[in-house]
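The chain contents come next:
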Amino acid sequence: MIWKPNVTVAAVIEQDGKFLMVEEETGEGIRFNQPAGHWEADETLAQGAVREALEETAYHFTPEWLLGIYRWRHPRKDITYLRFAFVGSVHGHELQRQLDSGILRAVWLSQEEIRATAERHRSPLVLQCIEDYLAGTRYPLELVTHLS
């Protein structure tokens, strides 16, 4: 058997001291996460983060920085995730857009609210990305190269 991680993309978006999060139904109950999901074959990693943010929050996301590349192995499943997290801003909100299946709502939360709900995070990557963002971690988007 060939091992391969599940590659995901995420958008870390802060505006006026609050972070755009999603509350979603999962197999482990209702959880909080950044707008995030699986990377699709026909897109760049940044394009995947833009797509996921729109599908899960109805906001248009513009990536400005790569926050980091994160590896996490789910403790109860035989799954390893490789997350590419992007920092950026939102512009335009499609109020009437239906959110992805399983997404209950998009919500703006303060860092204190995010820390207070840590037991309801989809994974430890949620808080780690917030902490890295608050620490000022940023890498140029050009760090990731896509060849045709």
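Source: prediction; values computed, not measured.

A look at helix H3 (residues 124-134)
All of the buried residues in H3 are Leu125, Val126, Cys129, Ile130, Asp132 and Tyr133. Along the long axis of H3, the arc covered by the buried residues comes to 165 degrees, so they all point the same way. Check the buried side of H3 and you find it contacts strand S1 (6-15), strand S2 (18-26), strand S3 (29-33), strand S5 (59-73), strand S6 (80-93) and helix H2 (111-116). Near the N-terminus of H3, the side chain that reaches the backbone nitrogen of Leu125, with its oxygen 3.1 Å away, is that of Ser123. Of the residues flanking the end of H3, it is Gly136, one or two places downstream, whose phi is positive at about 90 degrees.

Structural notes on the layout of surface pockets
Looking at the largest pocket, its volume works out to about 470 Å³. Lining the largest pocket are 25 residues, with Glu24, Asn33, His38, Tyr81 and Arg122 positioned closest to its centre. Of all the secondary structure elements, the ones that give two or more residues to the lining of the largest pocket are S2, S3, strand S4 (36-38), helix H1 (45-57) and S6. For the lining of the largest pocket, the residue count by class is five nonpolar, ten polar and ten charged. Taken as a whole, the second largest pocket holds about 270 Å³ of empty space.

Brief notes about the nonpolar core
Within soluble globular proteins, side chains that are nonpolar tend to cluster in buried spots. In terms of nonpolar packing, the biggest core is built from 20 residues, with Val12, Phe19, Met21 and Leu67 touching the most fellow members. Put simply, the parts of the chain that give this core at least two residues each are S1, S2, S5, S6, strand S7 (103-110) and H3. In this structure, Leu67 is in contact with Val12, Ala85, Phe86, Val87, Cys129, Asp132, Tyr133, Thr137 and Tyr139, ignoring residues within four places of it in sequence. Counting 14 residues, the second largest nonpolar core, distinct from the first, contains Ala11, Leu45, Ala49 and Val90.

Observations regarding H1
Look at H1: 18 Å from first C-alpha to last across 13 residues, which is about the 18 Å you get at 1.5 Å a residue. The buried fraction of H1 is high, at ten of 13 residues. By the burial criterion, the buried members of H1 are Leu45, Gly48, Ala49, Arg51, Glu52, Ala53, Leu54, Glu55, Glu56 and Thr57. At the exit of H1 stands Ala58, carrying a positive phi of roughly 70 degrees.

With respect to the environment of Glu55
Inspection of the secondary structure assignment puts Glu55 in helix H1. A C-alpha to C-alpha distance of 17 Å links Glu55 and Val87, two positions 32 residues apart in sequence.

Thresholds, definitions, all that
Residues numbered from 1 in each chain as written. Predicted model: local features only at pLDDT ≥ 70, side-chain atom pairs only at ≥ 80, totals over all residues. Heavy atoms only, no water. Buried < 20%, exposed > 50% of the residue type's maximum accessible area, 1.4 Å probe, protein only. Helix = DSSP H or I, 4+ residues; strand = E, 2+ residues; numbered from the N terminus. Arc of directions from axis to C-beta. Contact = heavy atoms within 4.5 Å. Polar contact = N/O pair within 3.5 Å; in protein donor to acceptor, adjacent residues only side chain to side chain. 1 Å grid on protein atoms, 1.4 Å probe; cavity = no way out; pocket = protein on both sides within 12 Å on 5 of 7 lines; lining within 4 Å. Points joined across faces, edges and corners; volume = space filled by probe spheres on them. Nonpolar A, V, L, I, M, F, W, Y, C, P; charged D, E, K, R; others polar. Core = buried A, V, L, I, M, F, W, Y, C linked by side-chain atoms within 4.5 Å. Expected span 1.5 Å × (residues − 1).

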